[in-house]
Each structure stands twice: as C-alpha cells, then as structure tokens.
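In case you want the letters, here they are:
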Amino acid sequence: MTLQGLTAMKIQSFFECNQPYKYYYLFAIFAPDFEMKNNESGIALNNAAGCILAAVAAVSYGLNPTFALPLYADGMDPVSVLFLRYGMAIPMLAVLIVCRGFSFRIPAGNILPLAVLGILMSLSSLTLFVSYNYMAAGIASTILFVYPILVAVIMAVFFREKLSLRIVVCLVLASAGILMLYHSEPGETISLAGTVIVLLSALVYALYLVGINNKKVMGLNSLVVTFYVLLFGFLLFPALMLFGGSELVIPDKWNMWLNSAALALFPTIISLVCTSGAIKRIGSTSTAIFGALEPVTAVIMGILLFNEGMTLREAAGIILILVSVSFVIANGRKIKKNLIKRTDS
C-alpha cells in the first residue's frame, strides 16, 4: 500500500495495523510526538525512533561552529548572531506549526516552565558562542561534552534515576572518544576564561535537558514547545542590547544571511524539536549520551567542506563514540512498559 493511498485513513490506524514499519522511523523525524501503540513491538519501535531523533538532534546541533564561525569572521558578535538565529527560527517554526494544523494555545500553568526553559536555552547558546572568542571551536566542543555526565548526575541525585553500569560505561567510552577527537595546534593553549564559560554552557544545557523532561512540558506538542522555548529565549538578546551595551550587527552579504538561516534551521529548529521528541521516548540521560555525535559531525564536516584528513586517532575516537551510542540503543531493546520516565514538575 502506498502513502498516496492512505489519505482517507487515520495515520494512527496505519501504524497500528500489520503493515511493515519501514516508514515509521522517517515519520518520527517529521512527527516527533507520534508514538506506537503500547505493546512490545510498539515500545521497541518508539525506543528506536527516540534513538534516531537523538542522533539527528546531536548531528544538527554539532553544526553550530560550521555556520557561526564564518559570521564571526565577517565581524558579527555572539549576541548579534544569536539574535538573528532565534529571530529567524521563530517565524520559520510558526509557519511549520500552522501548516501542520497545530494550535499555539498552551495551558497557563505551562508558561512559567517554558519561560525558564527558554532562558536556559538562550544562556547555553550565548555562553557557548562567547567561548568561541576565547578558544578554538574544537576545544569548546570537547569541553562541552561534560553535559551528558552532568545530566546523569542530576537525574541520579535529584530524581533518583538508577545509574546503571551500562550507562556509566557509555559515558566513559563516549568521553574517551571525544578526547581522542581533540587535537591542538602548535602553540595553542586552553583559555581559563573560555573553559569556565563553556563549562557554564554545559551546566545550563544539562539543566535544560533535565527541565524539559517533566509531565507538563512533555504533554505538549514538541513543535509548540520548541516555539515557546525560542520565543522566551529570544527576549534575552534584545535585553542585552538595551541594557548590556551590545549593538546589533546586520549582515551585509548574502552568504551571511544564508549562514544565519542555516543556524536557525539546523542547530535550532531541527535539533530542539528532535531533542524534545527523543527525551519523550528514551529519557534525558540516554538522549544526552547521543550528544557525543556532535564533535563527530565537526570532524566529518571538516573532511567534506575543508578537505581535512582523518588521523588514526580520530578514527579510533569515532569508533569509541559509535560503540557507546550502540550500547544505549541496545539497552533500549529491553522492553519495559514504562520505558520513558518523566519527572514531576
């Protein structure tokens, strides 16, 4: 049966029937809130879709330096870059929500949680982008990866989530792989100020990943959640311009606008929507571990766009990261009726 022949059928009944599931994984990316029925096959597929969404989120978020650094080279500062990134992402996402037929209405009790999440997200973005002024993007990406460890610790300490041996092994393997990907240029040093800033970015992003995993927010559509996160987060940047002395730098070249639009689409809309969908399925800790794919993305983009080579050490690091991610996927195959644990707000 083709997709064209399904126009008169409900999508839910299509995926609950005995049709092959080959469309489900692709469908999950475009409809991250869709879930299979609550049986063994459905739960297994939900987990697999969560892993795919987490991988897509990590890869798209790893494109931050690819589009941001050229804007820095053309004279833009972090506040201006993020002002355009969030400012362009909001209307793009609004159009998508309207086209999908979703409502912008949210319960009044969700406004404060979404506002807090928006501020956390914008602070994480700001501190990460500021750190690029103090150290190379590769170093910043390496240090930033402490956030999965922070997520695991926060979930274990404050929400009593069991930290299994498998998760610990995943974190160790992924961290080792990240360190193997890092290589310094001759004479390159690590800035203390830059390190502190990027560690702050990691902590704030970890709080965002934990905070978005609560019942009130998880009950909303992922596109709508992302819209309000961006809307509230965007307010930080005009405030910095009004009260912090920052000035808005407007792009004066077509390629600068293209990079800004790419920032709005890939590491913002796609990454945040997929992150929300992934957390609904596999939880904050497992989603965070997939973040190890972010520096892998940087290495691959360097090879594809800048003709950079790959050393044996980098190849070994990528293998370690892929092994750690595979452990997360394998762990999800243990079928549980309550696969996704959601924290109370």
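Q: Teacher, can you tell me more about the nonpolar core here?
A: Grouped burial of nonpolar side chains is what soluble globular proteins tend to show. One finds Leu-114, Phe-129 and Tyr-208 to be the most contacted residues of the largest nonpolar core, which totals 72 residues. With eleven residues, helix H5 (residues 78–100) is the largest single contributor of residues to this core. What Leu-114 contacts, discounting residues up to four positions off in sequence, is Ile-106, Val-217, Leu-220, Val-225, Tyr-228, Val-229 and Phe-232. By size, the runner-up hydrophobic cluster in this structure holds 26 residues, among which are Leu-53, Ala-57, Phe-145 and Phe-290.

Q: Is there a simple way to explain the packing of aromatic side chains in this structure?
A: In this description, an aromatic ring pair is defined by two values, namely the gap between the centres and the angle between the planes. Under the defined criterion, the tally for this structure stands at 13 aromatic pairs. Ring geometry for Tyr-72 against Phe-129: centres 6.5 Å apart, planes inclined by 80°, an arrangement best described as edge-to-face. Residue Tyr-72 is located in helix H4 (residues 64–73), and its partner Phe-129 is located in helix H6 (residues 111–131); the two are separated by 57 residues in the primary sequence.

Q: Teacher, can you tell me more about the packing of H6 against helix H12 (residues 222–234) here?
A: Pairs of packed helices are described in terms of their axes, by the angle between the two and the distance that separates them. One can describe the packing of H6 onto H12 by two numbers: an axis separation of 7 Å at closest approach and a directional angle of 65°. Considering the relative orientation of H6 and H12, their crossing is right-handed. Contact with H6, carried on its side by Ile-111, Leu-114, Ala-115, Leu-117, Gly-118, Ile-119, Met-121 and Ser-122, involves Val-225, Tyr-228, Val-229, Phe-232 and Gly-233 of H12 and no other residues of that element. Considered class by class, the residues forming the contact of H6 with H12 number ten nonpolar, three polar and no charged.

Q: Even after reading the chapter, I still don't get the environment of Leu-207, so can you show me in this structure?
A: Among the secondary structure elements, Leu-207 is positioned in helix H10 (residues 192–211). Taking the C-alpha atoms as reference points, Leu-207 and Leu-120, separated by 87 residues in sequence, lie 7.4 Å from one another.

Criteria and thresholds
- Residues numbered from 1 in each chain as written.
- Predicted model: local features only at pLDDT ≥ 70, side-chain atom pairs only at ≥ 80, totals over all residues.
- Heavy atoms only, no water.
- Core = buried A, V, L, I, M, F, W, Y, C linked by side-chain atoms within 4.5 Å.
- Buried < 20%, exposed > 50% of the residue type's maximum accessible area, 1.4 Å probe, protein only.
- Helix = DSSP H or I, 4+ residues; strand = E, 2+ residues; numbered from the N terminus.
- Contact = heavy atoms within 4.5 Å.
- Phe/Tyr/Trp six-rings, centres within 6.5 Å; stacked < 30°, edge-to-face > 60°.
- Axes fitted to C-alpha atoms, helices over the stretch in contact; angles between N-to-C directions.
- Left-handed = near helix turned anticlockwise from the far one by under 90°.
- Nonpolar A, V, L, I, M, F, W, Y, C, P; charged D, E, K, R; others polar.

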